[in-house]
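Spelled out, the chains give:
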Amino acid sequence: MNNTPIQVSKTYLPTRQDYYELLESVWDNHWVTNNGPLIRQLEATLTERFSAPLKVVSNGTVAIQLAIRALDLTGSVITTPYSYVATTNTLLWADLTPIFVDIEPEWFCLNPDLIEEAIRPDTTAILATHVYGYPCNHEALADIAERHNLKLIYDAAHAFDVAVDGQSILTWGDISTLSFHATKVFHTIEGGAVLSTDPDIIERLQLMRSFGHAGRDFLSLGINGKNSEFHCGIGLLNLARLEENRAARKRISDLYRELLSEMPLNCLDPANYPGLDYNYAYFPVFCWDNAMREEFIAKLNAEEIYPRRYFEPSLNQLDFLAPELRRSCPVSERAASTVVCLPLYPDLPLDDVRRICKIIRKNILQWW
Ligand SMILES: Cc1ncc(COP(=O)(O)O)c(C=O)c1O
């Protein structure tokens, strides 16, 4: 049994030896950034994997910022209140107005039934998150976007390798953005990507990520969204372990679900999502109220186990939002006050999962 602190995630790293060997070429050619061989290799591999052109960028936040500029968004954007803060921040940073629309209660993604009444004359896009890697209702969102002439961006930071009916969901919408942060199922330490099936959009994204600079010309407004050979090297090596890591994540998730099955907790089950090929990125558990959640986190913390309140607060309740942006979103607010993500990473020992579940079960039975 492992009694060292258990965090919600633990970054998978390739062996030092493999990393040093891969980096030999960097020392040989001194090409460390600016579209070097390793970034191009990573892009080619991922483009093939997702059957969609993809550009690697410096992180998942910059990926959304680039998507916003590449699609020339203005005015207001319909968005989810249930995501990481970066989803909202990127809109505010671009001087766009987020219009928070509540989520649906089954998979916690943007609720298409509530969008149309929230669209304003200046609305130019929908920015939705496949939260925990569970896909948004794309059919409904794409239909609304088309009828109202809106762009559709997916924050797919959690959705690496998620497919529905055998097709990657990263090809949905005008642009999908990914985060390759160290906490994600696939990572380059820091990093991210933008994907689009539209070659013109990909060309704009590529230019914008490099200052709008091509050869001797400065062709558009741009920023520095590039990533380095050192980061992409980690990514290339991590790709080789994806299947194995995913199988380990599945084993852990299945054990959590089995051991918590009789508890009055909502543990999302990918088996209930039709046609879903899931990546087992997170194991969110929804308690029946906030007091219960806080009690159960305190009990785990006392044993040096540190689950996380992903995602809290509901983004429509961020302190720094202007009062007029705080539309009520009761489903999201309830989710944010009751959710806790349990530790999940490939080498988490199954005995630790049993120990975590034992603490949760004992605590719930006492409480009940
Ligand atoms: C849903 C979501 N969007 C965006 C981001 C931002 O990604 P990054 O940390 O790579 O900037 C994250 C994560 O960290 C996230 O979870």
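These figures come from a predicted structure and were not determined experimentally.

**Q** Could you give an account of the pattern of salt bridges, with specific residues and numbers?
**A** By the definition in use, this model includes 20 salt bridges. As a salt-bridge pair, Glu 294 and Arg 293 come within 3.0 Å of each other at their nearest N and O atoms. For Glu 294, a relative accessible area of 28% gives the class partly exposed. For Arg 293, a relative accessible area of 0% corresponds to the buried category. When the shortest N-O distance is used, the salt bridge between Asp 352 and Arg 355 registers 3.5 Å. Within this pair, Asp 352 and its partner Arg 355 are both found in helix α11 (residues 350-367), separated by 3 residues, close to a single helical turn. For Asp 352, a relative accessible area of 1% corresponds to the buried category. When salt bridges that share partners are traced, they join Lys 250, Asp 254, Arg 257 and Asp 269 into one network.

**Q** Describe the environment of Gln 206, listing the residues and the values that go with them.
**A** Position of Gln 206 relative to the elements: it lies in helix α6 (residues 199-209). Taking the C-alpha atoms as reference points, Gln 206 and Gly 222, 16 residues apart in sequence, are found 9.4 Å from one another. Setting aside residues no more than four positions away along its own chain, Gln 206 makes contact with Asn 35 and Lys 55.

**Q** Explain the site of the ligand to me, and be specific about the residues and the numbers.
**A** Looking at the ligand, there are 15 residues lining it, with Gly 60, Thr 61, Asp 155, His 158 and Ser 179 nearest. Between the ligand and His 158, the relevant distance is 2.8 Å, taken from an oxygen atom to a side-chain nitrogen or oxygen of the residue. Lys 184 is positioned with one of its side-chain polar atoms (N or O) 3.0 Å from an oxygen atom of the ligand. Burial of the ligand by the protein amounts to 91% of the accessible area it has alone, namely 380 Å². Of all the secondary structure elements, the ones that give two or more residues to the shell around the ligand are α3 (60-70) and α4 (85-93).

**Q** Hey, could you go over the domain arrangement of the protein chain for me, with residue numbers and the actual values?
**A** Looking at the protein chain, the domain boundaries give domain 1 (16-239) and domain 2 (241-367). Contact residues are listed per partner, giving 43 residues for domain 1 and 40 residues for domain 2. Of all residues in domain 1, Phe 100, Tyr 132 and Tyr 134 give up the largest surface area on contact with domain 2, accounting jointly for 21% of the area buried on that side. Of the charged contacts, one joins Glu 243 and Arg 49 as a salt bridge, the two residues approaching to 3.1 Å between their closest N and O atoms. Contributing elements (two or more residues each) for the side of domain 1 that touches domain 2: α4, β4 (97-100), β7 (163-164) and α7 (229-239). Looking at the side of domain 1 that touches domain 2, its residues break down into 28 nonpolar, 8 polar and 7 charged.

**Q** Pulling in residues and values, what's your account of unusual backbone geometry?
**A** Generally, phi is negative for residues other than glycine and the peptide bonds are trans, each holding for most cases. Cis geometry marks the peptide bond from Tyr 310 to Phe 311, where omega comes out at 10°. Residue position: Phe 311 is located in the loop between β16 (305-306) and α10 (330-338). For the bond from Glu 312 to Pro 313, the omega torsion is 5°, close enough to zero to count as cis. Following the sequence through the fold, Pro 313 ends up in the loop between β16 and α10. With a phi angle near 55°, Asn 149 is a residue other than glycine that sits in the positive phi range. Along the chain, the position of Asn 149 falls in the loop between α5 (138-147) and β6 (151-155).

**Q** Report on helix α8 (residues 242-259), specifying residues and quantitative values.
**A** If you check α8, its first and last C-alpha atoms are 26 Å apart, about what 18 residues at 1.5 Å a residue would give, namely 26 Å. Among the residues making up α8, those that are buried are Leu 242, Asn 245, Arg 246, Ala 248, Arg 249, Ile 252, Ser 253, Leu 255, Tyr 256 and Arg 257.

Reading the values: the criteria
Residues numbered from 1 in each chain as written. Predicted model: local features only at pLDDT ≥ 70, side-chain atom pairs only at ≥ 80, totals over all residues. Heavy atoms only, no water. Salt bridge = Lys/Arg side-chain N within 4 Å of Asp/Glu carboxyl O. Buried < 20%, exposed > 50% of the residue type's maximum accessible area, 1.4 Å probe, protein only. Helix = DSSP H or I, 4+ residues; strand = E, 2+ residues; numbered from the N terminus. Contact = heavy atoms within 4.5 Å. Near = heavy atom within 4 Å. Polar contact = N/O pair within 3.5 Å; in protein donor to acceptor, adjacent residues only side chain to side chain. Areas by Shrake-Rupley, 256 points an atom, 1.4 Å probe, with all protein chains shown as cover. Domains from an automatic or database assignment. Buried area = accessible area lost by both parts, 1.4 Å probe. Nonpolar A, V, L, I, M, F, W, Y, C, P; charged D, E, K, R; others polar. Expected span 1.5 Å × (residues − 1).

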